[in-house]
Amino acid sequence: MSEQQDVVVRFRVDTPEAEGPLTLGQDNMIRCLRHDEPSHMNKQATWTVPPATDLPLALAALRTLAERHAALRTVFPGPADRQPDRQRVRAEGEFTVAVIALADDEDPDEAAERFCWDGRRQAFDLAADFPLRFALLTRHGAPVRLAVVICHAQLDGVSTGLLFQEWLTLAAGDTLPAPAAPTPIEVAEQERSPSGQRRTRAALRHWEHILADQPSAVFADDRIGPNDTLLPTLGVRSTAGAASLARAAARTGASNSAVLLACYAALAAHRADRGTVVMAALSANRHRPGLADHIGTLAQDALLAVDTDCPDLDTLIGRTQAQALSGYWHATFDAERIWQLIEDVAHRRGARFARHVVVNDLSSTVPDSVAAARPHPPTDPDLVRYPAEPTPTRLMLNIWRTTGCLEFTLHTHPDVLDDEETELFAHALLRLLDLAGRRAVRLGPDGELAALTGLPVARRDKARWQQIGTNWIDLDAVTDLLRSALGARNAEVHWNNGELTAMADTGETSWTPEQAHAAVMAALPGHDTAMAPHRYVLNGGTGSGRPDLP
């Protein structure tokens, strides 16, 4: 049984305490932290320890990290129930390191996982806490692993990877040059400059175009029901997959990321029976000048609308690379204005953006030396089931490594892919990469995906399905939504002359169209196959209830 001792590490820098506005990334992440479960928003990592590192050297290395980087000394003053608008960089402070002595037969990676999972479930106090929770796992007094829980308000995945690399250097007893990247306060000042403001305005236009014109929900078919955010996870490792990816990237002239993204989009579109896949890509925003080595949180969603209606996969890879570059370029935005835009567009369309498909490329966050030291998978491909995690989407791909061994995880909602189908999806992705490394793969109605994948394709047989704009809508689901939102005794929905009309008997309760529309929109989240009617015929009047229609 392991024993634990808590060690307090104090830090101090010569520069005075500083204060400034939030960066756009900080503001965005804090809004997410206040909305989502801590276990979903807090991140974790297990860092290796260089040989011959003793406990004093390990603690000194952690102190040096805190003193090198303003982000680690940053807090966000203000009440816990309000969105902060300022960041404060402390000149001195302290943090606690749990030193856990492992039993002789205790696995250090399993012990690190236990510490991280417990730590992830506890929210950070943004106004006071150090943004990293550490546990040094020791064997006979010597550190063998460093378990880390990360607060996303101060650090994103790339920053965590950069800190890992610095830890390996410092814990080995070596030194580092002074950081050259801008601090979070300097980033915030640049974002408020005229050029930064132009960029955020362009991002709003990009998002509005996709939100207003593209499908609100990628998956809309007979299998799709209310959303459940606790999704099963499948881990996949394949050395052959990495070789196939390298060949495909060399043959097409695209990046590894673009090739993987295009294959992922093709398979998602095939399952959804759609031409366009609207996808959220968690962007590191490292393409901005001078920010490649920035320690802080820059992560914001890039929104992509990938048109998969292509003759072959080569064309889709080129198209996806262009769409990704555009999406990442427009991934620096004012989160409050984006959320208001999402709400405004939803009320105008009568349909809410469902964020069904997500990709997160974390391959740049793992140092090459660490990736190369990982053992090869026992089989190829190696598929491992992990516990379900809170993941507010329907299909998510996390890319962990692309060279030497391809490693990724899939989070899948059972309405989209059950456990067996998720494994089919993983195998199909690897087969598609293999073919893409050798030749163009035919897409389209007469393409190769159906025979290649064995995946289910959306069926719309059991309900009254109607394509309204770019959305597939189940009219029966709209009727059920009306009954629950308005308390209607009877409700009917009809599609005539390009208009969705609802007639509802609400008894003694009188609803105006405006009130009804607001109530339906409030009840809509999670009902991804429904939408609000264009026109209401109610006890209290007739009309659209929408802000831009009579």
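Just so we're clear, the structure is a prediction, and the values are computed from it rather than from any experiment.

**Student:** Which parts of the structure should I look at to understand helix H5 (residues 157-171)?
**Tutor:** For H5, spanning 15 residues, the distance from its first C-alpha to its last is 21 Å, which sits close to the expected 21 Å at 1.5 Å a residue. Counting buried residues along H5, twelve of its 15 residues qualify, which places the element largely inside the surrounding structure. Taken together, the buried positions of H5 are occupied by Val158, Ser159, Thr160, Gly161, Leu162, Leu163, Phe164, Glu166, Trp167, Leu168, Leu170 and Ala171. Between the side-chain oxygen of the N-cap and the backbone nitrogen of Val158 there are 3.4 Å, and the N-cap of H5 in question is Asp156.

**Student:** How do you make sense of the packing of helix H9 (residues 256-272) against helix H10 (residues 313-329) when you look at a structure like this?
**Tutor:** When two helices pack together, their arrangement is given by the angle between their axes and by how far apart the axes lie. One can describe the packing of H9 onto H10 by two numbers: an axis separation of 8 Å at closest approach and a directional angle of 110°. Taken together, H9 and H10 sit at an angle that is classed as roughly perpendicular. At the point where H9 passes H10, the crossing takes the right-handed sense. Contacts between H9 and H10 involve Ala258, Val259, Leu261, Ala262, Cys263 and Ala266 from the former and Leu313, Leu316, Ile317, Thr320, Gln321 and Ala324 from the latter. Class assignment for the residues of the contact of H9 with H10 results in ten nonpolar, two polar and no charged.

**Student:** Please clarify how a positive patch on the surface should be interpreted in this entry.
**Tutor:** A contiguous patch of positive charge, built from Arg198, Arg201, Arg205 and Arg337, is present on the exposed surface. Of all the elements, helix H7 (residues 194-213) adds the most residues to the positive patch, at three residues. By the secondary structure assignment, Arg337 is in helix H11 (residues 335-349). Judged by relative accessible area, Arg337 falls into the partly exposed class, the value being 42%.

**Student:** Looking at this model, I keep getting lost on the state of the cysteines. Mind explaining?
**Tutor:** The term disulfide refers to a covalent linkage connecting the sulfur atoms of a pair of cysteines. Applying the stated criterion across every chain yields a total of zero disulfides. No disulfide involves Cys263; its sulfur sits 12 Å from that of Cys310, the nearest cysteine. Note on Cys405: no disulfide assigned, nearest cysteine sulfur contributed by Cys263 at a separation of 17 Å. On the basis of relative accessible area, Cys405 is assigned to the buried category, the value being 1%.

Conventions used here
Per-chain numbering applies: the sequence of each chain, read as written, is numbered from 1 onward. Only residues with pLDDT of at least 70 get local features here, since the model is predicted, and only at 80 or more are side-chain atom pairs given and counted; chain-wide, interface and lining totals rely on the full set of residues. Based on all heavy atoms of the structure, the side-chain values leave hydrogens and waters out of the count. Each helix corresponds to a stretch of at least 4 residues labelled H or I by DSSP, and each strand to a stretch of at least 2 residues labelled E; elements are numbered beginning at the N terminus. Multiply 1.5 Å by the residue count of a helix minus one, and that product is the helix's expected span. A 1.4 Å probe rolled over the protein chains alone gives each residue an accessible area, and that area as a share of the maximum for its type sets the label: buried under 20%, exposed over 50%, partly exposed in between. In protein, a polar contact means a hydrogen-donor-capable atom and an acceptor-capable atom, both N or O and within 3.5 Å, with residues adjacent in sequence counting only if both atoms are side-chain atoms; elsewhere, any N or O pair within 3.5 Å suffices. Between the N-to-C directions of two axes lies an angle of 0 to 180 degrees, each axis being a line fitted to C-alpha atoms and, for a helix, fitted only over the stretch in contact. In what follows, roughly perpendicular refers to angles from 65 to 115 degrees, roughly parallel to angles under 35, roughly antiparallel to angles over 145, and oblique to any angle outside these ranges. By definition, any crossing whose near helix is turned counterclockwise from its far helix by less than a right angle is left-handed, and any crossing with a clockwise turn is right-handed. Contacts are assigned to residue pairs that have any heavy atoms within 4.5 Å of one another. When residues are sorted by character, Ala, Val, Leu, Ile, Met, Phe, Trp, Tyr, Cys and Pro go into the nonpolar class, Asp, Glu, Lys and Arg into the charged class, and all the rest, Gly among them, into the polar class. The patches reported here contain residues having more than 30% relative accessible area and no salt bridge. Joining distances are 9 Å for like charges and 5 Å for nonpolar side chains (Val, Leu, Ile, Met, Phe, Trp, Tyr). Residue exposure ignores everything except the shown protein chains as possible cover, and the areas themselves are Shrake-Rupley values with a 1.4 Å probe. In what follows, salt bridge is the name for a side-chain nitrogen of Lys or Arg lying within 4 Å of a carboxyl oxygen of Asp or Glu. Charged-residue counts in this description rest on Lys and Arg as positive and Asp and Glu as negative, His and the chain ends being excluded. Charged groups are reduced to one reference atom each: NZ for lysine, CZ for arginine, CG for aspartic acid, CD for glutamic acid. Two cysteine sulfur atoms form a disulfide, by the criterion used here, when they sit within 2.5 Å.

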